[in-house]
Amino acid sequence: MMQMSKSALTMPTSGIRAMTVLAAKYDNVLSFGLGEPDFPTPQNIINAGRNALDEGWTKYVANQGIAPLLSALAEKMRKYNGMEYVTEENLHITFGAGQALLLTMETILEPGDEVIVPTPCFPNYFGYIHMAGGTSVIVPTCEENGFRVTAEEIKAKITTRTKAIILNSPCNPTGAVLTEADIRQIAAVAVEHNLIVISDEPYEAIIYDGQKNFSIGSIPEMKDLVITINSFSKSYAMTGWRIGYVAAPVEVRKQMTLLQESMGSSVTAACQIAACEAITGSQESVEGMRSQYERRRDILVEGLNQVQGFSCIKPGGAFYVFPNVKSFGISSQDLAVKILDQVQVLTTPGSAFGDSGEGYLRFSYASSEETIREGLTRLKHMFGEK
């Protein structure tokens, strides 16, 4: 048998994908599993990608990214994210936010370095840190505080090995949105201890109740301590285009670009042209999707709170709810499998997002209103109504 590396053999597995594989065995499944918009990519973006192919954008381009996209993103980050210092030299185009995160870990971590990770969280964080030889240090968040991590909780986990902190707001899986005050307090801790903040912001445009996105990179003192990760996948319904970006201090960015050469050269040229249209074109579709997500959130939260055994707080962003199901007295994994088996509703066990997610289920409402209402009907039939 071919010998595999210890790193590969000890790679954390995805509970999200495991449930998706299990669901394939059933018919008529209603999916609240994967966090993928059900909306098509806006037509102006598709047209730009198609035209780019016709115009000859079919060759290698610079590993860092094409100039028009870098320029558009620099302007966007200055105006939208308040990061006035960002220029094209700070930016690098990646194969989605996932590769941006992996590039970040490979660039900044030495073996044994610690990264503080608030949980419940996107589980791939653990894999990226693991691949770079780092150690994940967990900070559990609680429902009573809306799953918002605090500066005090982070500070309590800092050791001499701490290198970085991951922030994800709005958050996958809880939908938690950190307030400006929360973020400023965390920034003060990062500055005090000279820690890098990896700010993962792919849901920045999917935020509700009149709240505004606040990027930690907009705080002047964080200029040399923040790496901002983003993606076109969620805001523009471009999951299959596989395009994201990272903003970092120039010397860090240059090393990321060097690593990119060995990881896949340049991101597909025509996809970069499409992404440029996403940034510079009409944003009407972004607001249209956000508005529909907010309506879906309200329907799902209200409906889940009518199901016996479920208790669900209203999230401030992203397209997930994270109801409390501790009253059933079984593991979230067993409950998710039971629901799938009995009524063919696919959810994700909270334990897939870290130990602090146990006792919860994640529902993605990146699906139609019809699907949401039918899913609620099935759950009420299975568990009864309050």
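Shown above is the structure to which this text applies.
Calculation criteria
- Residues numbered from 1 in each chain as written.
- Predicted model: local features only at pLDDT ≥ 70, side-chain atom pairs only at ≥ 80, totals over all residues.
- Heavy atoms only, no water.
- Helix = DSSP H or I, 4+ residues; strand = E, 2+ residues; numbered from the N terminus.
- Contact = heavy atoms within 4.5 Å.
- Expected span 1.5 Å × (residues − 1).
- Buried < 20%, exposed > 50% of the residue type's maximum accessible area, 1.4 Å probe, protein only.
- Arc of directions from axis to C-beta.
- Axes fitted to C-alpha atoms, helices over the stretch in contact; angles between N-to-C directions.
- Left-handed = near helix turned anticlockwise from the far one by under 90°.
- Nonpolar A, V, L, I, M, F, W, Y, C, P; charged D, E, K, R; others polar.
- Pairing = 2+ DSSP bridges.
- Phe/Tyr/Trp six-rings, centres within 6.5 Å; stacked < 30°, edge-to-face > 60°.
- Patch = residues over 30% accessible without salt bridge, like charges linked within 9 Å, V, L, I, M, F, W, Y side chains within 5 Å.
- Areas by Shrake-Rupley, 256 points an atom, 1.4 Å probe, with all protein chains shown as cover.
- Salt bridge = Lys/Arg side-chain N within 4 Å of Asp/Glu carboxyl O.

Colleague: Which residues make up the environment of alanine 275, and what values do they have?
Modeller: Its location among the elements puts alanine 275 in helix 10 (residues 269-280). Beyond its immediate sequence surroundings of up to four residues, alanine 275 is in contact with Leu69, Phe232, Met238 and Ile243.

Colleague: I'd like a rundown of helix 8 (residues 180-193), residues and numbers included.
Modeller: When the terminal C-alpha atoms of helix 8 are compared, their 20 Å separation across 14 residues agrees well with the 20 Å that a helix rising 1.5 Å per residue should span. Every buried residue belonging to helix 8 is among Asp182, Ile183, Ile186, Ala187, Val189 and Ala190, and all of these are buried. Angularly, the buried residues of helix 8 cover 160° about the axis, an arc narrow enough to put them on a single face. In this structure, the buried side of helix 8 is in contact with helix 7 (151-155), strand 5 (162-168) and strand 6 (196-200). One or two residues past the end of helix 8 sits asparagine 194, with phi positive at roughly 55°.

Colleague: Talk me through the packing of helix 5 (residues 96-108) against helix 6 (residues 124-131); I want residue IDs and the actual numbers.
Modeller: Interhelical geometry of helix 5 versus helix 6 gives an angle of 35° and a closest axis separation of 8 Å. For the pair helix 5 and helix 6, the sense of crossing is right-handed. Between helix 5, through Gly98, Leu101, Leu102, Met105 and Glu106, and helix 6, the contact on the second element is made entirely by Tyr125, Tyr128, Ile129 and Met131. Broken down by class, the residue content of the contact of helix 5 with helix 6 amounts to seven nonpolar, one polar and one charged.

Colleague: Outline the sheet that holds strand 11 (residues 348-349), listing residues and values.
Modeller: What the three strands build is an open sheet, ordered 9-12-11; its pairing is antiparallel. Looking along the sheet, the strands with just one partner apiece sit at the ends: strand 9 (320-321) and strand 11.

Colleague: Describe in detail the packing of aromatic side chains, supporting the description with residues and values.
Modeller: Summed over all chains, the structure comprises 17 aromatic pairs. Between phenylalanine 232 and tyrosine 236, the ring centres sit 5.8 Å apart and the planes meet at 35°, which makes this aromatic pair tilted. Here phenylalanine 232 matches tyrosine 236 in class, with each residue buried. Plain terms: the ring middles of phenylalanine 322 and phenylalanine 353 are 6.2 Å apart, the flat faces sit at 75° to each other, and that makes the pair edge-to-face.

Colleague: So, a nonpolar patch on the surface: which residues are in play, and what are the values?
Modeller: Together, Met1, Met4 and Leu9 give the surface a local cluster of nonpolar side chains, amounting to about 420 Å² of exposed area. Here methionine 1 shows up in the segment before helix 1 (6-9).

Colleague: Please provide a residue-by-residue account of unusual backbone geometry, values included.
Modeller: Proline 120 follows threonine 119 through a cis peptide bond whose omega is 5°. Tracing the sequence through the fold places proline 120 in the loop between strand 3 (114-119) and helix 6. The residue after asparagine 172, namely proline 173, is reached through a cis peptide bond having omega 25°. On the secondary structure map, proline 173 appears in the loop between strand 5 and helix 8. For asparagine 28, which is not glycine, the phi dihedral falls at a positive 55°. For asparagine 28, the position within the fold is in the loop between helix 2 (15-23) and strand 1 (30-31). Notably, alanine 318 is not glycine yet its phi reads approximately 60°, a positive angle. Mapped onto the fold, alanine 318 is located in the loop between helix 11 (284-304) and strand 9.

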